[in-house]
Amino acid sequence: MKLIAARPLRFEPGSNYGYSSDAYAVLGAIIEHATGKSYGQAFAERIFKRAGMTETVPALLTPLVPKRASGYRQSFAGIENAMHIGATPAGGFYSTARDLHRWERALYGNSLASQRSKELLFGLRKVITAYGWKTAEEEWAGKKHKVLRTTGGLPGFANLLLRVPEQERVIILLSNIRGTVWRNDDIAAAVNRILDGATYEMPKRSIAETLAPII
């Protein structure tokens, strides 16, 4: 906190957006101070329990977690174990596609956020990320749709959750290799087209990955 507080503001609070993992660290400290509980406990009570999430826990290395996925990194030399980075509270939870689906469904009600909060969270804006979401209007199958994305990535992992609220559609992609991060948007776009009965393209292999072993 002292290191963060010593740095100048990038802009006047409330006047702009800027994604920052350090800002989430400050937010986590505020949550702990306001609730008198650890960040993990506060989330379990106020988010996971309300959304019916039973498969989401803080990402600690010591406990045994059944079926826990290991993260990998890919280089031109091949695939190897990725370095673990503790990122709480700018991340730092284990979860499953099933639990993320429960969380996403809960966003249609008011158990997690008020209608006013959701209007702020999911309003269309030109900045890439605000309130942790990327919001845009996209067109496919001859129609415009409001599309909401939230992403996550650490060494060994790359994730995407994409929402199309007007269709109550959600696409959840969880990958335990960091090298796929640039493919996730292409995969989600193809899934959207499949669900709409439209033509689609399979994601293409990187030409760099193809040529590297030859070179």
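Placed above this text is the structure.
Computed from a predicted structure; not experimentally measured.

## Re the overall build of the chain
Logical step 1: A count of helices and strands for the chain gives seven helices and eight strands.
Logical step 2: For the chain, the spread of C-alpha atoms along the principal axes amounts to about 55 × 45 × 40 Å.
Logical step 3: Of all 215 residues assigned to the chain, the portion counted as buried reaches 27%.
Logical step 4: Put simply, 48% of the contacts in the chain that link residues at least 6 apart link residues at least 24 apart.

## Structural notes on the pairing of strand S3 (residues 78–81)
Logical step 1: Relative to S3, strand S2 (residues 72–75) runs antiparallel, the two being bridged by four bridges. Looking across to S3, one finds that Tyr-72 is bridged to Asn-81.
Logical step 2: Joining the antiparallel neighbours S2 and S3 is a turn of two residues.

## Re a nonpolar patch on the surface
Logical step 1: A cluster of nonpolar side chains, contributed by Ile-207, Leu-211, Ile-214 and Ile-215, occupies part of the molecular surface with about 500 Å² of accessible area.
Logical step 2: Within the element layout of this structure, Leu-211 appears in helix H7 (residues 207–211).

## Some details on the pairing of strand S8 (residues 169–175)
Logical step 1: Of all the seven residues making up S8, five are buried; the element is thus mostly covered by neighbouring parts of the structure.
Logical step 2: Looking at chain direction, strand S7 (residues 157–164) and S8 are connected through seven bridges and run antiparallel. Along S8, the bridge assignment pairs Val-164 with Arg-169.
Logical step 3: Where S7 folds back onto S8 in an antiparallel hairpin, the turn is made up of four residues, including Glu-168, whose phi is positive at roughly 50°.

## Details of the packing of aromatic side chains
Logical step 1: Taken as a whole and judged by the stated rule, the model has nine aromatic pairs.
Logical step 2: Seen from their ring centres, Tyr-19 and Tyr-24 are 5.8 Å apart, and the 50° between their planes marks the pair as tilted.
Logical step 3: The class for Tyr-19 is partly exposed, based on a relative accessible area of 49%.
Logical step 4: A residue is classified by how much of its surface remains accessible, and Tyr-24, at 26% relative accessible area, is partly exposed.
Logical step 5: Ring geometry for Trp-103 versus Trp-133: centroids 6.0 Å apart, planes at 15°, classification stacked. Separated by 30 residues along the polypeptide, Trp-103 in helix H4 (residues 97–106) and Trp-133 in the loop between helix H5 (115–122) and strand S5 (134–140) bring together distant segments of the chain.
Logical step 6: When its relative accessible area of 6% is taken as the criterion, Trp-133 is described as buried.
Logical step 7: When the ring centre of Tyr-108 is taken as origin, the NZ or CZ atom of Arg-163, which lies over that ring, is 4.8 Å away.
Logical step 8: Over the ring of Phe-122 we find Arg-163, and its NZ or CZ is 5.2 Å from the ring centre.

## A few points about helix H3 (residues 39–51)
One turn of the α-helix equals 3.6 residues, which is why residues spaced by three or four share an orientation.
Logical step 1: Compared with the 18 Å implied by 1.5 Å per residue over 13 residues, the 17 Å span of H3 between its first and last C-alpha is a close match.
Logical step 2: At Glu-45, H3 is bent by approximately 35°, the largest bend along its length.
Logical step 3: Taken together, the buried positions of H3 are Tyr-39, Gly-40, Ala-42, Phe-48 and Ala-51.
Logical step 4: Contacts made by the buried residues of H3 are with helix H2 (21–35), strand S1 (57–58), strand S4 (93–94) and H4.
Logical step 5: Residue Gly-52 follows H3 closely and has a positive phi angle near 75°.

## Describing the packing of H2 against H3
Logical step 1: The N-to-C vectors of H2 and H3 enclose an angle of 75°; their axes lie 9 Å apart at closest approach. Considering their axes alone, H2 and H3 lie roughly perpendicular with respect to each other. Here H2 contributes Gly-28, Ile-31, Glu-32 and Thr-35 to the contact with H3, which in turn contributes Tyr-39, Ala-42, Phe-43 and Arg-46.

Rules behind the numbers
- Residues numbered from 1 in each chain as written.
- Predicted model: local features only at pLDDT ≥ 70, side-chain atom pairs only at ≥ 80, totals over all residues.
- Heavy atoms only, no water.
- Helix = DSSP H or I, 4+ residues; strand = E, 2+ residues; numbered from the N terminus.
- Buried < 20%, exposed > 50% of the residue type's maximum accessible area, 1.4 Å probe, protein only.
- Contact = heavy atoms within 4.5 Å.
- Pairing = 2+ DSSP bridges.
- Patch = residues over 30% accessible without salt bridge, like charges linked within 9 Å, V, L, I, M, F, W, Y side chains within 5 Å.
- Areas by Shrake-Rupley, 256 points an atom, 1.4 Å probe, with all protein chains shown as cover.
- Salt bridge = Lys/Arg side-chain N within 4 Å of Asp/Glu carboxyl O.
- Phe/Tyr/Trp six-rings, centres within 6.5 Å; stacked < 30°, edge-to-face > 60°.
- Lys NZ or Arg CZ within 6 Å of the ring centre and 35° of its normal.
- Expected span 1.5 Å × (residues − 1).
- Bend = angle between axes of the 7 residues up to and from the residue.
- Axes fitted to C-alpha atoms, helices over the stretch in contact; angles between N-to-C directions.
- Parallel < 35°, antiparallel > 145°, perpendicular 65-115°, else oblique.

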